[in-house]
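One-letter residues, chain by chain:
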Amino acid sequence: MSVNTIHALFHLSVFAISFFAAYYGFFHVRYGHQGFPGKFRFLTFWNICFQTVYFGLCVVLDLAGAKSASANPAQRGTLQKWRDTFHACVVFPTSTFVFTTFWVIYSWDRELVQPKVADSVLPVWLNHLMHTTILPFIVVEKFLSYHHYPRRSMGFLAVSLLASAYLSTVLLVAYFDDYWIYPILRVLSLSQRAVFISASFVIFAIFYIVGEYFTSYIWGQGLSSPKKTPKTLKGA
């Protein structure tokens, strides 16, 4: 079995799993569906949709015969460049942030992030597809496919816009519905919320940098040496 076939099977499998998780969570889970903007009030749901779109794009590129391990600009089409940017600025930092913050807070006090009452409507397997497998899937993808990162300033701008868009959603729900989406925000004072939200922005930016350095480490691509060619997988 060739490396390209392994890439294609992995991308197709994760796309199918992510699509099913998003579909089931949207249509069959009666939790968090009321009020503006429904399930999209949760960053977890944003993220599973991001992963579905990303791996769907990977499947399209696999079918088109794109070379996942090539960093040669002549071999990287527009769609592949868009995929790289989407991975770098959206999918990797969001998946890492959702996984880390959810399980850290959950292990400390689950009532602050996912109350026990949710267990009656949210299957355990779906909870893990939404909060656990998202990280190993995107880490494996790091090893399978080279992703060209944009300039650091553009990357920070992109992740800042994404974080601001989600924060706007949280604040709009709090303002119009008088309801904080996450229980942890309900128990914090105004100043504590400001610190928590600011820290979340910083962590999100840090995860972007982690992804950038992770790619550099795996593929041997110096961050300050854009002319270097990353290692090429045999058969890619």
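Residues numbered from 1 in each chain as written. Predicted model: local features only at pLDDT ≥ 70, side-chain atom pairs only at ≥ 80, totals over all residues. Heavy atoms only, no water.

### Things to note about the packing of helix H1 (residues 3-27) against helix H5 (residues 134-144)
Two elements in contact, H1 and H5, have axes whose closest approach is 11 Å; the angle formed by their N-to-C orientations is 160°. Between H1 and H5, the angle is such that the two are roughly antiparallel. When the axes of H1 and H5 are compared, the crossing they make is left-handed. Counting all contacts with H1, which are made through His7, Phe10, His11, Val14 and Ile17, the residues of H5 involved are Phe137, Val140, Glu141 and Leu144. (Axes fitted to C-alpha atoms, helices over the stretch in contact; angles between N-to-C directions. Helix = DSSP H or I, 4+ residues; strand = E, 2+ residues; numbered from the N terminus. Parallel < 35°, antiparallel > 145°, perpendicular 65-115°, else oblique. Left-handed = near helix turned anticlockwise from the far one by under 90°. Contact = heavy atoms within 4.5 Å.)

### Some thoughts on the packing of aromatic side chains
For any two aromatic rings, the description comes down to two numbers: the centre-to-centre distance and the angle of the planes. Throughout the structure, instances matching the rule amount to 26 aromatic pairs. Ring centres 5.1 Å apart and planes at 45° place the aromatic pair tyrosine 23 and phenylalanine 27 in the tilted group. Taken together, the residues tyrosine 23 and phenylalanine 27, both in helix H1 and four residues apart, mark about one turn of the helix. By relative accessible area, which is 38% here, tyrosine 23 ends up partly exposed. Exposure remark for phenylalanine 27: the relative accessible area of 52% places this residue in the exposed category. (Phe/Tyr/Trp six-rings, centres within 6.5 Å; stacked < 30°, edge-to-face > 60°. Buried < 20%, exposed > 50% of the residue type's maximum accessible area, 1.4 Å probe, protein only.)

### A closer look at helix H4 (residues 124-131)
Along H4, the residues that are buried comprise Leu126, Asn127, Leu129, Met130 and His131. Among the structural elements, H1, helix H2 (43-63), helix H3 (78-109) and H5 are those in contact with the buried residues of H4.

### Considerations on the confidence of the model for the protein chain
With 89% of its residues at a pLDDT of 70 or more, the protein chain has an overall mean of 88. Low pLDDT, under 50, characterises residues 224-229; the predicted model gives this stretch four contacts beyond four residues in sequence or across chains. For residues 231-236, every residue scores under 50 in pLDDT, and the model assigns this stretch 16 contacts once sequence neighbours within four places are set aside. (pLDDT = per-residue confidence, 0-100.)

### Comments concerning a nonpolar patch on the surface
Together, Phe19, Phe20, Tyr23, Phe26, Phe27, Phe40 and Trp125 make up an exposed nonpolar region whose accessible area comes to about 720 Å². Sorting elements by how many residues they give to the nonpolar patch places H1 first, with five residues. Within the secondary structure layout, phenylalanine 19 lies in helix H1. (Patch = residues over 30% accessible without salt bridge, like charges linked within 9 Å, V, L, I, M, F, W, Y side chains within 5 Å. Areas by Shrake-Rupley, 256 points an atom, 1.4 Å probe, with all protein chains shown as cover. Salt bridge = Lys/Arg side-chain N within 4 Å of Asp/Glu carboxyl O.)

### Some details on the pattern of salt bridges
Evaluation of the coordinates by the stated rule reveals three salt bridges. For aspartate 84, the salt bridge identified is with arginine 83, shortest N-O distance 2.8 Å. By relative accessible area, which is 1% here, arginine 83 ends up buried. Here glutamate 212 ties to arginine 152 by a salt bridge, and the two come within 2.7 Å at their closest N and O atoms. With a gap of 60 residues between them, glutamate 212 in helix H8 (residues 190-219) and arginine 152 in helix H6 (residues 152-177) connect regions that are remote in the sequence. We classify arginine 152 as partly exposed; its relative accessible area is 30%.

### A look at unusual backbone geometry
The general pattern is negative phi for most residues beyond glycine and trans for most peptide bonds. For aspartate 178, which is not glycine, the phi dihedral falls at a positive 55°. With respect to the helices and strands, the residue aspartate 178 is situated in the loop between H6 and helix H7 (183-187). Judged by relative accessible area, aspartate 178 falls into the exposed class, the value being 71%.

### Overview of H8
A rise of 1.5 Å per residue sets the reference length of H8, with its 30 residues, at 44 Å; its end C-alpha atoms lie 44 Å apart and thus fit the reference within 8%. Listing the buried residues of H8 in full gives Arg193, Ile197, Ser200, Phe204, Phe207, Tyr208, Gly211, Glu212, Thr215, Ser216, Ile218 and Trp219. Here the buried face of H8 lies against H3, H5, H6 and H7. Positive phi appears at glycine 220, one or two residues downstream of H8, with a value of about 70°. (Expected span 1.5 Å × (residues − 1).)

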